Amino acid sequence: MIKVGINGYGTIGKRVAEAVTLQDDMEIVGVVKTKPTYELRGALDAGFPVFASTKSKVDFFEEMGVKVSGVTEDLVEIADVIIDCTPGKLGVNNMDMYRKAGTKAIWQGGEKHAPIGVSFNALTNYSSSINADFVRVVSCNTTGLGRTLYPLRQKYGIDNVQAVMVRRSGDPKDSDRGPLNSIEPVLSVPSHHGPDVQTIMHGINIQTMAVKVPTTIMHVHCIIAELDSEPNVDEILGMWESTPRVNLVEGFLNKDGDKIRNLPGTAEIMELARDALYTRGDLNQIAVWKDGVHAFGKKLYYYQAIHQESDVIPENIDAIRAMFNLESDNMASILKTNKALGID
Ligand code: NAD
């Protein structure tokens, strides 16, 4: 059993912790919190040992009646791997601490690729992380782009990709985020998403733009991929149908299989995830609107939606397997993780 510690128990950290407990080859040995906020309740209920981020915080936890098992450095000593889910650009400061303890670490997409050196997506480049000590699981948007572009590249070849990311303003729990009534473009072009895809799909020619909109539940990508040969939409739908962690979504079909209602938007997609009783009502899969896939010449147009809080969770599990070489074949790890998490 690989001993896993979680540093930063927020949106991503708590979901990774829960996912680890569902695997048969890894276990949670502790989680780090900076303070006893409402989110600590879930860790205590799950029975996870709690570690304070620093010595100066220990009294605060104890005053609130929370017994701590030590501080971050203690967890780093015990764990075989730390999943660093602290806020973006902060986590990389912990690298020396992990290195000194000889503990492997996984960071999230809020960190830059360069200091970590290996970026990870289970479908596109699993093997780059086999036996690696430090790995970065790419962001929710990059994960989504990788999952649908990879099969296109394998089958047709990709000349270039142009994509617009329509980004949620914050997660549902982020009461301090915005915009509330505005649409904010990212003015530098390309946005960081395109270059980030190149860290998991080397050499791909992709440029992206991005806007932030007042919604919290999902991101949407509008993608134009120019392929090396003319795409066949039915064939591509079939490919995505069999791609793990990609779901085609559509509206209501009548008994003859005729479409009588389209699936309008992200609100309905997340309602379907809740109806399917996925854990937390999360959607680990990338949702592609089946009726929004079109081809003109060599260009393929499609829309996809990303549940930002959860698509990277199974990727963290697969990254652990790769780093300890528990599984050398990416599809074997993906299917094992999917089965444990109930991803169809
Ligand atoms: P979050 O704010 O929900 O959680 C971060 C947690 O870390 C909080 O509980 C915070 O109290 C804690 N923390 C802060 N400083 C700490 C420290 N010094 N030591 C230990 N804990 C500390 O953030 P998040 O959304 O979970 O993001 C974590 C990482 O995951 C970031 O790199 C982010 O870019 C990435 N990510 C986020 C999303 C998303 O949509 N939320 C999606 C994919 C990747």
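Relevant structure appears above.
Residues numbered from 1 in each chain as written. Predicted model: local features only at pLDDT ≥ 70, side-chain atom pairs only at ≥ 80, totals over all residues. Heavy atoms only, no water.

1. Side note on the overall build of the chain
Assigned secondary structure in the chain consists of 13 helices and 17 strands. The C-alpha atoms of the chain give 20 Å as radius of gyration, which agrees with the globular expectation for 344 residues (20 Å, within 12%). Relative to its full complement of 344 residues, the chain shows a buried share of 54%. A fraction of 71% describes how many contacts in the chain between residues 6 or more apart in sequence connect residues 24 or more apart. For the chain, the accessible surface area stands at approximately 15200 Å², while carbon and sulfur atoms represent 52% of it. Averaging the locations of the 35 positively and 44 negatively charged side chains of the chain gives two centres separated by 3 Å. (Helix = DSSP H or I, 4+ residues; strand = E, 2+ residues; numbered from the N terminus. Rg over C-alpha atoms; globule rule 2.2 N^0.38 Å. Buried < 20%, exposed > 50% of the residue type's maximum accessible area, 1.4 Å probe, protein only. Contact = heavy atoms within 4.5 Å. Areas by Shrake-Rupley, 256 points an atom, 1.4 Å probe, with all protein chains shown as cover. Lys, Arg positive; Asp, Glu negative; His and termini not counted. Charge placed at Lys NZ, Arg CZ, Asp CG, Glu CD.)

2. Notes on the site of the ligand
Around the ligand sit 22 residues in total, of which Thr11, Ile12, Arg168, Asp171 and Lys173 are the nearest. Within the contact set of the ligand, an oxygen atom lies 2.9 Å away from a backbone nitrogen or oxygen of Ile12. Here an oxygen atom of the ligand sits 3.4 Å away from a polar atom, N or O, in the main chain of Gln308. For the ligand, the protein covers 78% of the area, taking 830 Å² as the surface of the free molecule. (Near = heavy atom within 4 Å. Polar contact = N/O pair within 3.5 Å; in protein donor to acceptor, adjacent residues only side chain to side chain.)

3. Details of the environment of Ala273
Mapped onto the elements of the fold, Ala273 is located in helix H11 (residues 266-275). For Ala273, a relative accessible area of 1% translates into the label buried. Residues Ala273 and Pro314 lie 41 residues apart in sequence; the distance between their C-alpha atoms is 16 Å. Filtering out sequence-adjacent residues up to four positions away, Ala273 remains in contact with Tyr278, Gly281, Asp282 and Leu283.

4. Digging into the pairing of strand S1 (residues 2-7)
Counting buried residues in S1 gives five out of six residues, a clear majority hidden from the surface. Two strands pair when backbone bridges link them, and S1 and strand S2 (residues 26-33) are joined in this way by six bridges, in the parallel orientation. Each bridged residue has a counterpart across the sheet, and for Asn7 the counterpart in S2 is Val32. What joins S1 to S2 is helix H1 (residues 11-21), and the crossover it makes is right-handed. (Pairing = 2+ DSSP bridges. Right-handed = clockwise from strand over helix to strand, strands pointing away.)

5. Quick notes on the environment of Leu326
You can see Leu326 is positioned in the loop between helix H12 (313-323) and helix H13 (330-341). Look at Leu326 and you get partly exposed, because its relative accessible area is 35%. Sequence-wise, Leu326 and Ile2 are 324 residues apart; in three dimensions their C-alpha atoms are separated by 9.5 Å. The contacts of Leu326, once residues within four sequence positions are left out, are Ile2, Asp25 and Arg321.

6. Some words on the packing of aromatic side chains
In total, this model carries five aromatic pairs according to the counting rule given. Look at Tyr98 and Trp107: their rings are 5.6 Å apart centre to centre, the planes differ by 50 degrees, and that puts the pair in the tilted class. Geometrically, the ring pair formed by Trp107 and Phe134 is edge-to-face, given 5.2 Å between the ring centres and 85 degrees between the ring planes. One end of the pair, Trp107, is in strand S5 (residues 104-107); the other, Phe134, is in strand S7 (residues 134-137), and 27 residues separate them in sequence. In this structure, Trp107 and Phe134 share a single accessibility class: buried. Ring pairing ties together the aromatic residues Tyr98, Trp107 and Phe134, which thus form one cluster. Residue placement shows Lys104 over the ring face of Phe324; its charged tip is 5.1 Å from the ring centre. (Phe/Tyr/Trp six-rings, centres within 6.5 Å; stacked < 30°, edge-to-face > 60°. Lys NZ or Arg CZ within 6 Å of the ring centre and 35° of its normal.)

Everything listed here is a matter of geometry and, on its own, says nothing about what the molecule does.
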